[in-house]
Amino acid sequence: SLPAKLINGGIAGLIGVTCVFPIDLAKTRLQNQQNGQRMYTSLSDCLIKTIRSEGYFGMYRGAAVNLTLVTPEKAIKLAANDFFRHHLSKDGKKLTLMKEMLAGCGAGTCQVIVTTPMEMLKIQLQDAGRIAAQKKLMAAQAQLSSSSAAGAAEPVMETRTTATQITRELLRSKGIAGLYKGLGATLLRDVPFSIVYFPLFANLNKLGQKDPNIKAPFYVSFLSGCVAGSTAAVAVNPCDVIKTRLQSLQRGVNEDTYSGILDCTKKIWQKEGPTAFFKGAYCRALVIAPLFGIAQVVYFIGIAEFLLDMLPKHRA
């Protein structure tokens, strides 16, 4: 049932995000830093420096936004894919690869309704620590190079903002369009991701089914979700880098600004080289693999069906 699909998708998203959010934070910070202004050299370096400067909970900056919106986002994505697969297979025949890809395309298109504002708000909160750390470093260097106390730079204090404050400011200054900055880049990432992910998962999962009418074991669904998720994540990482850069409202010292997808692509290619499009790729794979592995296990085990079935018994 649709309620069961929505509940399953929501539970899966909450569990997955809680487990992998620190890696996602590192991915955002690694993707946003540009040549000459590098604060972090790797995933582990980013997490260690984040804990030292912002504490353990600094790794979960922006998690509240994700945890709030990931339920409808994952629910829409998984339920939409099932919806399109169901309607594309009404003739009773097995879905062709093209139809599976078409269903994934429909799911990816539907999810951006929630994904775009969620990602945009999350990125501001995740990247705030990197920008503040960069400013502090620049201030410390200026103070050391200053020849007199009078010329010493004032210490930089980070002003913490919340998702609510960012939302209000964007709505006040730009209206609802402000929350959908980077919509084109989000579509450019999520539609190809779903086109790759859903058919690949479905076919890998079938390998573990002894009978077409019986669900695959949970570990098969988990591994299939991990492999399909990480493969799709790396495949669309260049689009994710572009999306992250476009959705960042604040920039570090001497960092480029971008007017659109083409301008962003051109500047990254010219100034940072083609390898820059794969910044944070391994982080993204580490995020997406368990996230979708967990999502598919919850979804296919059907926790919601169990809960919904228990309600009448409880009332009785």
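Just so you know, these numbers come straight off a predicted model, no measurement behind them. (Residues numbered from 1 in each chain as written. Predicted model: local features only at pLDDT ≥ 70, side-chain atom pairs only at ≥ 80, totals over all residues. Heavy atoms only, no water.)

Caption draft 1: Looking closely at the overall build of the protein. For the protein, the helix and strand inventory stands at eleven helices and zero strands. Listing the helices and strands of the protein from first to last along the sequence gives α-α-α-α-α-α-α-α-α-α-α. (Helix = DSSP H or I, 4+ residues; strand = E, 2+ residues; numbered from the N terminus.)

Caption draft 2: Molecular detail of the nonpolar core. By size, the foremost hydrophobic cluster in this structure holds 31 residues, and its most contacted members are Leu 43, Phe 193, Tyr 197, Ile 288, Leu 291 and Phe 292. Among the elements of the structure, helix H1 (2–32), helix H2 (43–54), helix H3 (63–88), helix H4 (97–145), helix H6 (183–206), helix H7 (218–235) and helix H10 (281–301) are those that each provide at least two residues to this core. Here the element with the most residues in this core is H1; it accounts for six residues. If we skip the residues at most four places from it in the chain, Ile 288 touches Phe 193, Gly 229, Ser 230, Ala 233 and Gly 293. (Core = buried A, V, L, I, M, F, W, Y, C linked by side-chain atoms within 4.5 Å. Buried < 20%, exposed > 50% of the residue type's maximum accessible area, 1.4 Å probe, protein only. Contact = heavy atoms within 4.5 Å.)

Caption draft 3: A look at a nonpolar patch on the surface. A contiguous nonpolar patch, built from Phe 218, Tyr 219, Phe 222 and Leu 223 and spanning about 430 Å² of accessible area, is present on the exposed surface. Here Leu 223 is to be found in helix H7. (Patch = residues over 30% accessible without salt bridge, like charges linked within 9 Å, V, L, I, M, F, W, Y side chains within 5 Å. Areas by Shrake-Rupley, 256 points an atom, 1.4 Å probe, with all protein chains shown as cover. Salt bridge = Lys/Arg side-chain N within 4 Å of Asp/Glu carboxyl O.)

Caption draft 4: Structural view of the packing of H6 against helix H8 (residues 237–247). The contact between H6 and H8 brings their axes to 9 Å, and the two run at 160 degrees. By the angle class used here, H6 and H8 are roughly antiparallel. Crossing of H6 against H8: the hand is left-handed. Where H6 abuts H8, its residues Ala 185, Thr 186, Leu 188 and Arg 189 lie against Cys 239, Asp 240, Lys 243, Leu 246 and Gln 247. (Axes fitted to C-alpha atoms, helices over the stretch in contact; angles between N-to-C directions. Parallel < 35°, antiparallel > 145°, perpendicular 65-115°, else oblique. Left-handed = near helix turned anticlockwise from the far one by under 90°.)

Caption draft 5: Representation of empty space enclosed by the protein within the structure. Enumeration according to the criterion identifies one cavity of 30 Å³ or more in this entry. If you go around the largest cavity, you meet 24 residues; those closest to its centre are Lys 74, Glu 119, Arg 284, Ile 288 and Leu 291. Looking at the lining of the largest cavity, the elements that each hand over two or more residues are H1, H3, H4, H6 and H10. Across the lining of the largest cavity, the residue classes tally to ten nonpolar, three polar and eleven charged. (1 Å grid on protein atoms, 1.4 Å probe; cavity = no way out; pocket = protein on both sides within 12 Å on 5 of 7 lines; lining within 4 Å. Points joined across faces, edges and corners; volume = space filled by probe spheres on them. Nonpolar A, V, L, I, M, F, W, Y, C, P; charged D, E, K, R; others polar.)

Caption draft 6: Representation of the packing of aromatic side chains. If you walk through the whole model with that rule in mind, you get eight aromatic pairs. Both rings, one in Phe 21 and one in Tyr 60, keep their centres 6.0 Å apart while their planes meet at 15 degrees; by these two values the pair is stacked. Highlighted residues: Phe 21 in helix H1 and Tyr 60 in the loop between H2 and H3, separated in sequence by 39 residues. For the pair Tyr 56 and Tyr 60, a centre-to-centre distance of 6.1 Å together with 45 degrees between the ring planes defines the contact as tilted. (Phe/Tyr/Trp six-rings, centres within 6.5 Å; stacked < 30°, edge-to-face > 60°.)

Caption draft 7: The arrangement of the packing of H3 against H6 in detail. Contact geometry of H3 with H6 gives a least axis separation of 12 Å together with a crossing angle of 70 degrees. Judged on the interaxial angle alone, H6 and H3 are roughly perpendicular. Residue-level contacts link Lys 77, Leu 78, Asn 81 and Arg 85 of H3 to Phe 193, Ser 194, Phe 198 and Ala 202 of H6. Here the residues of the contact of H3 with H6 sort into four nonpolar, two polar and two charged.

Caption draft 8: Representation of the environment of Gln 124 within the structure. Residue position: Gln 124 is located in helix H4. For the pair Gln 124 and Thr 28, spaced 96 residues apart in sequence, the C-alpha to C-alpha distance is 9.6 Å. Apart from the residues within four sequence positions on either side, Gln 124 is in contact with Ile 166, Gln 247, Ser 248, Leu 249 and Gln 250. A distance of 2.7 Å separates a polar atom in the side chain of Gln 124 from the backbone oxygen of Met 120. Within the local environment of Gln 124, its side chain forms a polar contact with the backbone nitrogen of Leu 249, the two atoms lying 2.8 Å apart. (Polar contact = N/O pair within 3.5 Å; in protein donor to acceptor, adjacent residues only side chain to side chain.)

Caption draft 9: Summary view of the environment of Gln 34. Along the chain, Gln 34 turns up in the loop between H1 and H2. Relative accessible area serves as the criterion here: at 4%, Gln 34 is assigned to the buried category. Each C-alpha atom of the pair Gln 34 and Ala 276 lies 8.8 Å from the other, and the pair is 242 residues apart in sequence. For Gln 34, the residues in contact, after removing those within four places along its chain, are Arg 245, Glu 255, Asp 256, Tyr 258, Glu 272 and Lys 279.

Caption draft 10: Spatial organisation of H8. Among the eleven residues in H8, eleven count as buried, and that is most of the element. Along H8, the residues classified as buried are Asn 237, Pro 238, Cys 239, Asp 240, Val 241, Ile 242, Lys 243, Thr 244, Arg 245, Leu 246 and Gln 247.

Caption draft 11: Focus on the pattern of salt bridges. Evaluation of the coordinates by the stated rule reveals 20 salt bridges. One salt bridge connects Asp 190 with Arg 189, and the closest N-O pair in it is separated by 2.7 Å. Residues Glu 272 and Lys 279 are paired through a salt bridge, measuring 2.8 Å at the closest nitrogen-oxygen approach. Lys 279 sits in the buried class, given a relative accessible area of 13%. Within the structure, one salt-bridge network assembled from shared partners comprises Asp 24, Lys 27, Glu 119, Lys 122, Arg 189, Asp 190, Asp 240, Lys 243 and Arg 284.

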